[in-house]
Amino acid sequence: KKNVKTFKGYLPENTRKAKSIEQDNILALIQACTSKRDKLLLLLLGETGLRIGELLAVQYTKDIDYENHKIFVHYRRNNENHAHQKYAEERGLLISQSTFDLLQIYLAEYADLLKNTDFLFVSESGPTIGQPLCVSSVYSMFDSLCKKSGIKANPHMFRHYFANER
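Because the structure is predicted, anything quoted here is derived from the model rather than measured.

Rules behind the numbers
- Residues numbered from 1 in each chain as written.
- Predicted model: local features only at pLDDT ≥ 70, side-chain atom pairs only at ≥ 80, totals over all residues.
- Heavy atoms only, no water.
- Pairing = 2+ DSSP bridges.
- Helix = DSSP H or I, 4+ residues; strand = E, 2+ residues; numbered from the N terminus.
- Salt bridge = Lys/Arg side-chain N within 4 Å of Asp/Glu carboxyl O.
- Buried < 20%, exposed > 50% of the residue type's maximum accessible area, 1.4 Å probe, protein only.
- Axes fitted to C-alpha atoms, helices over the stretch in contact; angles between N-to-C directions.
- Parallel < 35°, antiparallel > 145°, perpendicular 65-115°, else oblique.
- Contact = heavy atoms within 4.5 Å.
- Nonpolar A, V, L, I, M, F, W, Y, C, P; charged D, E, K, R; others polar.
- Expected span 1.5 Å × (residues − 1).
- Arc of directions from axis to C-beta.
- Core = buried A, V, L, I, M, F, W, Y, C linked by side-chain atoms within 4.5 Å.
- Phe/Tyr/Trp six-rings, centres within 6.5 Å; stacked < 30°, edge-to-face > 60°.

K.L.:
Go over the sheet that holds strand β4 (residues 70-73), please, and point to the residues and values.
P.N.:
Strand order in the open sheet formed by three strands is β3-β4-β5, and the pairing between neighbours is antiparallel. The open sheet terminates on both sides in strands that have one partner only, identified here as β3 (64-65) and β5 (91-94). One ladder, built from two bridges, connects β3 with β4; its direction is antiparallel. Each bridged residue has a counterpart across the sheet, and for D65 the counterpart in β4 is K70.

So this is what it looks like as structure tokens:
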């Protein structure tokens, strides 16, 4: 945890504990992943600072600029996985070459699962196979990764990592 001071403005200054994750722990979680989908999800959380709802709402057919290695966040409230932005703020985010390479591999290897949806992240197994991934599934994935690696983490800690380190 890092102490974070709020802006010194007209209101009294407050301090609070912001839960972040260290880069070494991110790498350990990525190594604990057993699927390319999970690795890609963690990398994109760390590189972009997106909220989990924003990332799960990304549609690979509309929201990715493959030529310029950018992911765009578009405001949509009617996604079938109920994932959406917190605010109606649209923006584009660059991703690294190595993450973009993994994205390309993921899209190729998961083509059969992705063929019936526009969403980038889908369920890999069970009764919801091929359907857009929902927030509760991501938290279940994090629970498994935390038990496997011994590292306490959640998706929002990646957002704090991005804000603090980038």
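K.L.:
Any details on the pattern of salt bridges? Residues and values, ideally.
P.N.:
Summed over all chains, the structure comprises five salt bridges. In this structure, the salt-bridge partner of E54 is R51, at a minimum N-O distance of 3.4 Å. Of the charged contacts in the structure, one is a salt bridge between E54 and R91, with a shortest N-O distance of 3.0 Å. Of this pair, E54 sits in helix α3 (residues 52-56) while R91 sits in strand β5; the two residues are 37 residues apart in sequence, bridging distant segments of the chain. The class for E54 is buried, based on a relative accessible area of 3%.

K.L.:
If you had to explain the packing of helix α2 (residues 36-48) against helix α6 (residues 135-149) to someone new, which residues and values would you point to?
P.N.:
Running from N to C, α2 and α6 cross one another at 100 degrees; their axes reach a closest spacing of 12 Å. Taken together, the axes of α2 and α6 lie roughly perpendicular to each other. Along the contact surface, α2 presents D38, L41, L42 and L45, while α6 presents V138, M141, F142 and L145. Looking at the contact of α2 with α6, its residues break down into seven nonpolar, no polar and one charged.

K.L.:
Tell me about the pairing of β4, and name the residues and values.
P.N.:
Burial along β4 is one-sided: the face carrying I71 and V73 is buried and the face carrying K70 and F72 is not. Between β3 and β4, which follow one another and run antiparallel, lie four residues, and H69 among them has a positive phi close to 55 degrees. Relative to β5, β4 is paired through four bridges, and the arrangement is antiparallel. Bridge assignment links F72 to a residue of β5, and that residue is G92.

K.L.:
How would you explain helix α4 (residues 97-109) if you had to name every residue and give the values?
P.N.:
Helix length check: α4 (13 residues) gives 18 Å between terminal C-alpha atoms against 18 Å at 1.5 Å per residue, within 8%. Buried within α4 we find T99, F100, L102, L103, Y106 and L107. Each buried residue of α4 lies within a common arc of 160 degrees when the element is viewed along its axis, so the set occupies one face. The exposed residues of α4 that point more than 90 degrees off its buried face are S98, A108 and E109. For α4, the secondary structure elements touched by its buried residues are α2, β3 and α5 (111-114).

K.L.:
Describe the nonpolar core, and please don't skip the residues or the numbers.
P.N.:
If you look at the biggest cluster of nonpolar residues, it comprises 43 residues, and the most contacted ones within it are L41, L42, Y106, L120 and F121. Elements with a contribution of two residues or more to this core: α1 (23-32), α2, α3, β4, α4, α6 and α7 (155-165). Those residues in contact with L42 that sit more than four places away from it in its chain are L29, I30, C33, M141, F142, L145 and F158.

K.L.:
With reference to specific residues and values, describe the packing of aromatic side chains.
P.N.:
Evaluation of the coordinates by the stated rule reveals four aromatic pairs. Ring centres 6.0 Å apart and planes at 40 degrees place the aromatic pair Y106 and F121 in the tilted group. A residue pair is termed long-range when its members are at least 10 positions apart, and Y106 in helix α4 and F121 in the loop between α5 and α6 qualify at 15 residues. As far as the burial class goes, Y106 and F121 line up, both buried.

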